[in-house]
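Report on the structure
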Amino acid sequence: VCFIPGGLDCSISFVSHVLGKVCVHGWQKEILGVLVPRLTDLTKSDCIWQRICWQLVECVPDRWLEAVVLGFVQRVPGADVLSRLLGNLVVKNKKAQFVVAQKMLLLQYGHTTAVLQNLLGYLALDSGRRSLLLRVLQDLLETWSSSSAVKHSPAEQQLYISKAILICLSHLKEPEIASCRQELLTCMMEGVKCHLESSLPQLRRLGMVVAESISLNINTEGPVLKFEYEEDDETRELKSLLVQTPSFCVVPSHSDDDRSEKPGAALPLVPERNEKSYTAAPVKADEESDAELDSDDDLIPYDMSEDKELKLKAPMYIRDCIEVLTGSRSEDVDKWEATVKALESLVRRNPAATREVSVELAKILLHLEEKTCIEGFVELRQRAQVAVLTTDPIPVAKYLTSQFYSLNYSLRQRMDILDVLVLAAQELSCPKFHGKTKHSGVQKPCIQLLPESDSSKGWRRIVDERIKSKTRRFDTGQSRVELASCPNEFNSVAGYFFFPLIQHFDRPLTTFDLLGEDHLVLGRLVHTLAVLMYLGVNTVAVTAMGKALLEFVWALRFHTDSYVRQGLLSCISSLLLSVPTERILTDMTEELLETQSWLGDVMEKDPDGDCRRLALQNLLLMENLKKKLEAVPS
């Protein structure tokens, strides 16, 4: 750093131009890595150096200012240092204001949490910049509460905006919150609604956390919003941003004079407790005397050490189970629990008796509600439904698929139908283990259509298993269980599972609209069709299933919900893996070319990272098909 002797005036605009040009040409890290620590030390106690630093940044031309400001924000150790180095630059310069208040918060989302804290803390540290902080919070809340932004922006950007909102809330004072309380409440109600409507668990959880935080700040005295969700590292980090109170918020302490002026507001606690104890003393004595009269210490307890709990026998016949499950007498609760627990094994042991009443039993299980607090009730009911469907596939599949598009069913029941169809199809398509097996599931089907963090994990697991099964490995490891050679039972019934589900998706009902507000169920339906298509490999109807699925995907390819689009791309993957290559190239050539063009657009432009990854995977599969065709001799 050069010193100019003699008190001469000087201009540092040339240095500002050099700094701006060096930063914009990609040397930002090198020059600011040296300059920022030096300026931080010089401006700690010297106001002259603070003014020099402010002048240095203010003289940078607008076309280079963004690179300089961004470099300062990223490299300062805290908001107070940034305030010393930049001063009121965002108030004086419109370009800097746009970069700080708009571009870095709403148009970019790759910055770290520390950068956000530096940026918003800088706006909060000076009274001249706090009005800009309030405006930034309003812009962030408008974006957060916009249903279009929630649908079309990636989850990473939603997380970034949520962090910025919580940091802003941590810097607000009570008068500032009071001035915009109604706007905060309106944005909170709109934002939590569009977040809870999302199919992605991460976005729903983000909406809950941010809404709770806003409610906690605007309702200091009344009730606040409280949601039930599983806390993870992400939610804990978000909540930690809210509790970071700024250093200038000091809790006022009351003096003795204040307490003497307001005797009812701050009375000593010890005399109050003593007064209560005096008035309660005689009542306590009366209670002790009554307790002595009612004492049962003289009674001799029964010896119950050898008592055994009476276990109620479960029904032995399918029709007895139906009678118990449809009964309404309250004294049969124990018998009802025993029936629910034993139903799956009973169905698998008596296939002939089950086929006689299979549809009736499927109807009962679909509408069965939990009478008592039985552990694992949902899983027990689902396993019983799968057992009935695998025992008598055609009539039960016809019933379940017809009920999926019927009236008077809840969304939960419709999604239960999809889960049962997937699990039963997986069980029918998997070969049984050779030898003695438990019917409750040595190889229990396990498919997860909507996992917590990444909705394509289940699909990638299926693809990995398919690749592993086609890979030859030469090793001398532990011997594995031999699979019995038996036909694929799903071969003859695949059409009954698949085609009824794909027929009426575009026909809205009074209480059910797949193409409207019930997009969560549509996402589950699309993922179900993808799994059924994969499990239908080597079946007779696989080509017809592939054609119908491709038309279905083409009709919904521009859907706004990212979970639905992920399912559509999974459908393309399952089609490419399951339908024979010759049939794809002869029967679906034009559709395949159009699909390839669409996949290219998705890979380049889709805001969701999983969708881009699945599109790339499908393009690679198509490329492999071309290579496979070229390798075949003509």
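What this report covers is the structure whose coordinates are included nearby. All residue numbers here refer to positions counted from 1 along the written sequence of the relevant chain. Only residues with pLDDT of 70 or above have their local features reported here, since the model is predicted, and side-chain atom pairs are shown and tallied only from 80 upward, although totals for entire chains, interfaces and linings are computed over all residues. Each side-chain value is derived from all of the structure's non-hydrogen atoms; neither hydrogens nor water enter the calculation.

**Looking at the pattern of salt bridges**
Worth spelling out the cut-off: Here, a salt bridge means any Lys or Arg side-chain nitrogen found within 4 Å of an Asp or Glu carboxyl oxygen. Only protein chains enter the accessibility calculation, which uses a 1.4 Å probe; a residue whose area is less than 20% of its type maximum is buried, one above 50% is exposed, and one in between is partly exposed. Numbering goes from the N terminus for both helices and strands, where a helix is a DSSP run of H or I of at least four residues and a strand is a run of E of at least two.
By the definition in use, this model includes 22 salt bridges. Measuring nitrogen to oxygen at the nearest pair gives 3.9 Å for the salt bridge that ties Asp41 to Lys44. We classify Asp41 as partly exposed; its relative accessible area is 45%. Measuring nitrogen to oxygen at the nearest pair gives 2.9 Å for the salt bridge that ties Arg236 to Asp233. Taken together, the positions of Arg236 and Asp233, both in helix H14 (residues 233-242) and three residues apart, correspond to about one turn of that helix. Residues participating in the shared-partner salt-bridge network are Glu344, Arg348, Glu379, Arg383 and Glu427.

**Describing a nonpolar patch on the surface**
Rules: Note that patches include only residues with greater than 30% relative accessible area and no salt bridge, and the join distances are 9 Å for like charges and 5 Å for nonpolar side chains (Val, Leu, Ile, Met, Phe, Trp, Tyr). Each accessible area is a Shrake-Rupley result for a 1.4 Å probe, and residues are judged covered by the shown protein chains and nothing else.
Nonpolar side chains collect at one region of the surface, where Phe14, Val15 and Val18 lie side by side and expose about 300 Å² of accessible area between them. Examined against the element boundaries, Val15 turns out to sit in helix H1 (residues 13-42).

**Here we look at the nonpolar core**
Put simply, the rule is: For this analysis, a nonpolar core means a set of buried residues of the types Ala, Val, Leu, Ile, Met, Phe, Trp, Tyr and Cys, connected via side-chain atoms within 4.5 Å. Where each domain begins and ends follows an automated or database-derived domain assignment. The contact definition used throughout considers only heavy atoms, calling two residues in contact when any of these lie within 4.5 Å.
Membership of the largest hydrophobic core comes to 91 residues, with the highest contact counts inside it found for Phe404, Phe497 and Leu525. With eleven residues, the single largest contributor to this core is helix H26 (residues 519-535). Looking at this core, you find at least three residues from each of domain 3 (318-391) and domain 4 (488-631). Phe404 has contacts with Arg414, Ile417, Leu418, Leu501, Phe512, Leu514, Val521 and Leu525, leaving out every residue within four places of it along the chain. By size, the runner-up hydrophobic cluster in this structure holds 80 residues, among which are Trp64, Leu65, Val76 and Tyr229.

**A few points about the environment of Arg84**
Relative to the helices and strands, Arg84 is located in helix H4 (residues 79-86). Looking at Arg84, the relative accessible area reads 18%, which means it is buried. For Arg84 and Cys53, which are 31 residues apart along the polypeptide, the C-alpha to C-alpha distance reads 8.4 Å. Sequence-distant contacts of Arg84, that is, excluding residues within four places in its chain, are made with Thr40, Thr43, Lys44, Gln50 and Trp54.

**Structural notes on the packing of aromatic side chains**
Heads up, the rule is: Any pair of Phe, Tyr and Trp rings, taking the six-membered ring for Trp, is counted once the centres come within 6.5 Å. Such a pair is stacked with planes under 30 degrees apart, edge-to-face with planes over 60 apart, and tilted for the rest.
Under the defined criterion, the tally for this structure stands at six aromatic pairs. Between Phe404 and Phe512, the aromatic rings sit 5.8 Å apart at their centres with planes inclined by 90°, giving edge-to-face as the arrangement. In this pair, Phe404 sits in helix H22 (residues 393-404) while Phe512 sits in the loop between helix H25 (494-503) and H26, placing the two residues 108 residues apart along the sequence. Each member of the pair Phe404 and Phe512 is classed as buried. Taking 4.8 Å as the distance between ring centres and 80° as the angle between the ring planes, the aromatic pair formed by Phe505 and Phe552 counts as edge-to-face. Highlighted residues: Phe505 in the loop between H25 and H26 and Phe552 in helix H27 (residues 542-556), separated in sequence by 47 residues. Judged by relative accessible area, Phe505 falls into the buried class, the value being 13%.

**Quick look at unusual backbone geometry**
At Asn408, a position not held by glycine, the phi torsion is positive, near 65°. Take Asn408: its relative accessible area is 72%, and that puts it in the exposed class. One non-glycine residue with positive phi stands out, namely Asn538, at about 70°. Tracing the chain through its elements places Asn538 in the loop between H26 and H27.

**Looking at the environment of Val150**
As for its placement among the helices and strands, Val150 is situated in helix H9 (residues 147-152). Once the C-alpha coordinates of Val150 and Asp561 are considered, the two residues, 411 residues apart in sequence, prove to be 9.3 Å apart. Setting aside its immediate chain neighbours within four residues, Val150 contacts Trp144, Gln158, Cys194, His195 and Leu203.

**Thoughts on helix H28 (residues 562-578)**
Note the cut-off: Given the number of residues in a helix, its expected span is that number minus one, multiplied by 1.5 Å. Nitrogen and oxygen atoms within 3.5 Å of one another constitute a polar contact, given that in protein one can donate a hydrogen and the other can accept it, and given that sequence-neighbouring residues count only through two side-chain atoms.
In this model, H28 (17 residues) spans 24 Å end to end at C-alpha, consistent with the 24 Å of a helix rising 1.5 Å per residue. Judged by how many residues are buried, H28 sits mostly within the fold: 16 of 17 residues are covered. Looking at where H28 begins, the residue whose side-chain oxygen comes 3.0 Å from the main-chain nitrogen of Tyr563 is Asp561.

**Re the packing of H26 against H28**
The line we're drawing: Simply put, an axis is a line fit to the C-alpha atoms, just over the touching stretch for a helix, and the angle between two N-to-C directions goes from 0 to 180 degrees. Note on angle classes: values under 35 degrees are labelled roughly parallel, values over 145 roughly antiparallel, values of 65 to 115 roughly perpendicular, and the remainder oblique. Gly is put with the polar residues, along with every residue not named as nonpolar or charged; the nonpolar set is Ala, Val, Leu, Ile, Met, Phe, Trp, Tyr, Cys and Pro, and the charged set is Asp, Glu, Lys and Arg.
Relative to each other, H26 and H28 sit at 10°, their axes nearing to 8 Å. With respect to H28, the axis of H26 lies roughly parallel. Across the interface between the two elements, His519, Leu520, Leu522, Gly523, Arg524, Val526, His527, Ala530, Met533 and Tyr534 of H26 pack against Tyr563, Val564, Gln566, Gly567, Leu568, Ser570, Cys571, Ser574, Leu575 and Ser578 of H28. The class makeup of the residues in the contact of H26 with H28 is eleven nonpolar, eight polar and one charged.

**Re the packing of H1 against helix H2 (residues 47-58)**
Put simply, the test is: Here a crossing is taken to be left-handed if its near helix is turned anticlockwise relative to the far helix by less than a right angle, and right-handed if that turn runs clockwise.
Close contact between H1 and H2 brings their axes to 12 Å; oriented N to C, the two are set at 165°. The angle between H1 and H2 falls in the class roughly antiparallel. For the pair H1 and H2, the crossing hand works out as left-handed. Here Val15, Ser16, Leu19, Leu35, Leu39 and Leu42 of H1 lie close against H2, whose contacting residues are Trp49, Cys53, Gln55 and Leu56. Counted by class, the contact of H1 with H2 contains eight nonpolar, two polar and no charged residues.

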